[in-house]
Amino acid sequence: LIHITVYDTRRASLERDQPRLQIALVSIAASVAWIVAGSFAMVTSLEHLGALMHIPNSVIGITISAAGTSLPNFVASQVAARQGLGNMAVSNAFGSNTFNIFVGLGLPWTVYTMCFEEYSDLKDDEITVSVVILVAVLLLFVGLVTTSGFVLKRWHAVAFVICYALYLIYAITFVYI
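The structure reproduced in this document is the subject of the present report. Given the structure is predicted, the values throughout are model-derived calculations rather than measurements.

1. Some words on the overall build of the chain
Part 1 of the argument: For the chain, the helix and strand inventory stands at six helices and zero strands.
Part 2 of the argument: Mapped from its N terminus to its C terminus, the chain presents α and β elements in the order α-α-α-α-α-α.
Part 3 of the argument: Relative to the 2.2 N^0.38 estimate, which gives 16 Å for 177 residues, the radius of gyration of the chain is 20 Å and therefore markedly larger than a compact globule would have.
Part 4 of the argument: C-alpha atoms of the chain, sized along the principal axes, occupy 60 × 45 × 35 Å.
Part 5 of the argument: For the chain, the residues scored as buried account for 13% of the 177 residues in total.
Part 6 of the argument: Contacts spanning at least 24 positions in sequence make up 46% of the contacts within the chain whose residues lie at least 6 apart.
Part 7 of the argument: As displayed, the chain has an accessible area near 13,800 Å², and 71% of this comes from carbon and sulfur atoms.
Part 8 of the argument: Measuring between centres, the 8 positive side-chain charges of the chain sit 23 Å from its 10 negative side-chain charges.

2. Comments concerning unusual backbone geometry
Part 1 of the argument: Even without being glycine, His-54 reaches a positive phi, approximately 60 degrees.
Part 2 of the argument: With respect to the helices and strands, the residue His-54 is situated in the loop between α2 (20-53) and α3 (57-82).
Part 3 of the argument: According to the relative accessible area criterion, His-54 is exposed, its value standing at 68%.
Part 4 of the argument: In the Ramachandran plot, Phe-150 falls in the positive-phi region, its phi being about 60 degrees despite a non-glycine side chain.
Part 5 of the argument: Look at Phe-150 and you get exposed, because its relative accessible area is 63%.

3. A look at the packing of α2 against α3
Part 1 of the argument: The N-to-C vectors of α2 and α3 enclose an angle of 140 degrees; their axes lie 10 Å apart at closest approach. The angle between α2 and α3 falls in the class oblique. As α2 packs across α3, the resulting crossing turns out to be right-handed. Along the contact surface, α2 presents Met-42, Leu-46, Glu-47 and Gly-50, while α3 presents Asn-57, Ile-60, Ile-64, Ser-65 and Thr-69.
Part 2 of the argument: Grouping the constituent residues of the contact of α2 with α3 by class yields four nonpolar, four polar and one charged.

4. Comments concerning α3
Part 1 of the argument: Spanning 26 residues, α3 covers 35 Å between terminal C-alpha atoms, matching the ideal 38 Å at 1.5 Å per step.
Part 2 of the argument: Bending of α3 peaks at approximately 40 degrees at the position of Ser-70, with proline Pro-72 no more than four residues after it.
Part 3 of the argument: Residues of α3 that are buried: Val-59, Ile-60, Ser-65, Ser-77 and Ala-80.
Part 4 of the argument: In this fold, the buried residues of α3 make contact with α2, α4 (86-115) and α6 (154-176).
Part 5 of the argument: Positive phi shows up at Gly-84, right after α3, with a value of about 80 degrees.

5. Quick notes on the packing of aromatic side chains
Part 1 of the argument: Following the criterion strictly, the structure yields five aromatic pairs and no others.
Part 2 of the argument: With a centroid separation of 5.2 Å and 55 degrees between ring planes, the pair formed by Phe-94 and Phe-141 is classed as tilted. Taken together, the residues span a long stretch of sequence, with Phe-94 in helix α4 and Phe-141 in helix α5 (residues 127-147) at a distance of 47 residues.
Part 3 of the argument: According to the relative accessible area criterion, Phe-94 is partly exposed, its value standing at 35%.

Conventions used here
- Residues numbered from 1 in each chain as written.
- Predicted model: local features only at pLDDT ≥ 70, side-chain atom pairs only at ≥ 80, totals over all residues.
- Heavy atoms only, no water.
- Helix = DSSP H or I, 4+ residues; strand = E, 2+ residues; numbered from the N terminus.
- Rg over C-alpha atoms; globule rule 2.2 N^0.38 Å.
- Buried < 20%, exposed > 50% of the residue type's maximum accessible area, 1.4 Å probe, protein only.
- Contact = heavy atoms within 4.5 Å.
- Areas by Shrake-Rupley, 256 points an atom, 1.4 Å probe, with all protein chains shown as cover.
- Lys, Arg positive; Asp, Glu negative; His and termini not counted.
- Charge placed at Lys NZ, Arg CZ, Asp CG, Glu CD.
- Axes fitted to C-alpha atoms, helices over the stretch in contact; angles between N-to-C directions.
- Parallel < 35°, antiparallel > 145°, perpendicular 65-115°, else oblique.
- Left-handed = near helix turned anticlockwise from the far one by under 90°.
- Nonpolar A, V, L, I, M, F, W, Y, C, P; charged D, E, K, R; others polar.
- Expected span 1.5 Å × (residues − 1).
- Bend = angle between axes of the 7 residues up to and from the residue.
- Phe/Tyr/Trp six-rings, centres within 6.5 Å; stacked < 30°, edge-to-face > 60°.

Shown next as structure tokens:
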């Protein structure tokens, strides 16, 4: 269905009778619609899978959902890094997370509060601790990069993988204890 509904804009340059900008904009809109549909299907499926397996939504969110939505960013950063574009790889990681926080959380929140009153059903579920951990790891990253002269070392990578593993252990343990 995607191949049918999203026009291949590379062919637009060959077909001079159709304006390329309009075709590109329609293709972008169709791509966004497919991303929205796929995201909805993924979240709904994961909720049901978690319910069937008696796994809380918070555990599904920080493991499977987080990995599934971050995988494209990981691949894009890997490709950029292998092409010698380290700044682009790091910028992609920070840019996607900044977009997720400001737009992914902010836009729906804004729309909801414009249509209804404030949202009061948000449970803390130790999200404050997760935010503090995120800020601490970000500061660690900035400290490591600046003290190493903006050179990313292998042990930096190992340190962050260990940080992530420890965070997963903490978050999953918190849910089940």
